2 protein chains.
Amino acid sequence: MIDNIISKIKFDKSGLVPAIVQDFYTLDVLMMAYMNEESLKKTIETNETWFYSRSRKCLWHKGETSGHIQRVKEIKVDCDGDTLLILVEQVGGIACHTGNRSCFYRKIENSGLVEEKSKSAILSYLFSTFKN
Amino acid sequence: MIDNIISKIKFDKSGLVPAIVQDFYTLDVLMMAYMNEESLKKTIETNETWFYSRSRKCLWHKGETSGHIQRVKEIKVDCDGDTLLILVEQVGGIACHTGNRSCFYRKIENSGLVEEKSKSAILSYLFSTFKN
């Protein structure tokens, strides 16, 4: 059954597909990482996110050391079949290794890159605090 | 000023950076495409999204033929500086060339890939209808 799904995903020349991770509750985009066939299978089988680390060249179970695992709620596939969107419950409310909720905590402004505390970031933090 | 920002983005070996596009109002993830330095500059300068088409090997002004341009509200950069998140107002409410609001209109279920009409998709459609 999983092989049927895998056959519909277009992995690139390196055998990878980009996977956008979005918070199922707040809809914040948390991070983007890459999956190979094996990590996608593991993600489907375990309902937790597994990625392929391009720098370390190995599978990576998100949250294995930090405890900040991601429980998979839905996996969406784009029109071309070459990008995944994973909706997750982010355990601990933190997806980024910097300690930020989302990896996208900087935005481009006139002067350059600035760290932001957006309304959505503050709400996300409050939501996570009340929920845990 | 733009060069200062560009210097902080890590383009890959092909000179590209993945850009996730998210609806500023509904927070739906609409699509993912790639930008090179020139298309990112044009995006910042015009406040509309420009991408680099890997298949056609040229710049691509989103919505140029369909009219479904994307007005840029915010550009976020991830912790590694190698992925962009563009928050946009999606003109016409349709981002995908298939006519769907989002390119991510299919989800993985036991049996394979199924097209969905999720609550969020229905709400997005209603929101867009009332707004336009």
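Rules used in this analysis
- Residues numbered from 1 in each chain as written.
- Chains lettered and ligands numbered in written order.
- Predicted model: local features only at pLDDT ≥ 70, side-chain atom pairs only at ≥ 80, totals over all residues.
- Heavy atoms only, no water.
- Buried < 20%, exposed > 50% of the residue type's maximum accessible area, 1.4 Å probe, protein only.
- Helix = DSSP H or I, 4+ residues; strand = E, 2+ residues; numbered from the N terminus.
- Pairing = 2+ DSSP bridges.
- Phe/Tyr/Trp six-rings, centres within 6.5 Å; stacked < 30°, edge-to-face > 60°.
- Lys NZ or Arg CZ within 6 Å of the ring centre and 35° of its normal.
- Arc of directions from axis to C-beta.
- Contact = heavy atoms within 4.5 Å.
- Axes fitted to C-alpha atoms, helices over the stretch in contact; angles between N-to-C directions.

Caption draft 1: Focus on the pairing of strand 1 (residues 17-23) of chain B. All names here are of chain B. Within strand 1, 7 of the 7 residues are buried, leaving the element largely enclosed by the surrounding structure. Side chains Val17, Ala19, Val21 and Asp23 project from strand 1 onto one buried face, and the interleaved Pro18, Ile20 and Gln22 project onto a second face that is buried too. If you look at the hairpin formed by strand 1 and strand 2 (residues 29-35), you'll find 5 residues sitting between the two strands, and Leu27 has a positive phi there, around 70 degrees.

Caption draft 2: Quick look at the packing of aromatic side chains. All told, the structure shown has 4 aromatic pairs over all chains when counted by the stated rule. Ring centres of Phe24(B) and Tyr25(B) lie 5.4 Å apart, and the angle between their planes is 85 degrees; on these two criteria the pair is classed as edge-to-face. Relative accessible area serves as the criterion here: at 34%, Phe24(B) is assigned to the partly exposed category. Look at Tyr25(B) and you get partly exposed, because its relative accessible area is 37%. When the centroid spacing of 5.1 Å and the interplanar angle of 45 degrees are considered together, the rings of Phe51(B) and Trp60(B) count as tilted. Overall, Phe51(B) belongs to the buried group, its relative accessible area being 0%. Take Trp60(B): its relative accessible area is 25%, and that puts it in the partly exposed class. When the ring centre of Trp50(A) is taken as reference, the NZ or CZ atom of Lys42(A) above it lies at 4.5 Å.

Caption draft 3: Expanded view of helix 2 (residues 37-46) of chain A. Residues and elements named next belong to chain A. For helix 2, every residue scored as buried is listed here: Ser39, Leu40 and Thr43. Around the axis of helix 2, the buried residues are gathered within 100 degrees of arc, so they sit on the same side. For helix 2, the secondary structure elements touched by its buried residues are helix 1 (2-6), strand 2 (29-35), strand 3 (50-53), strand 4 (58-61), strand 5 (70-77) and strand 6 (84-90). Where helix 2 terminates, the next one or two residues include Asn47, which has phi positive at roughly 60 degrees.

Caption draft 4: Quick peek at the sheet that holds strand 2 of chain B. Strand order across the open sheet formed by 6 strands is 8(A)-7(A)-5(B)-6(B)-1(B)-2(B), with mixed pairing between neighbours. Among the strands making up the open sheet, the edge pair consists of strand 8 (112-115) of chain A together with strand 2 of chain B. Adjacent strand axes in the sheet meet at a mean angle of 35 degrees, parallel and antiparallel pairs treated alike. Pairing geometry for strand 7 (residues 106-109) of chain A and strand 5 (residues 70-77) of chain B, over 2 bridges, is antiparallel. Its bridge partner being in strand 5 of chain B, Arg106(A) is matched across the sheet by Val77(B). Sitting on the sheet, helix 2 (residues 37-46) of chain B is in contact with strand 7 of chain A together with strand 2, strand 5 and strand 6 (84-90) of chain B, with an inclination near 125 degrees to strand 2 of chain B.

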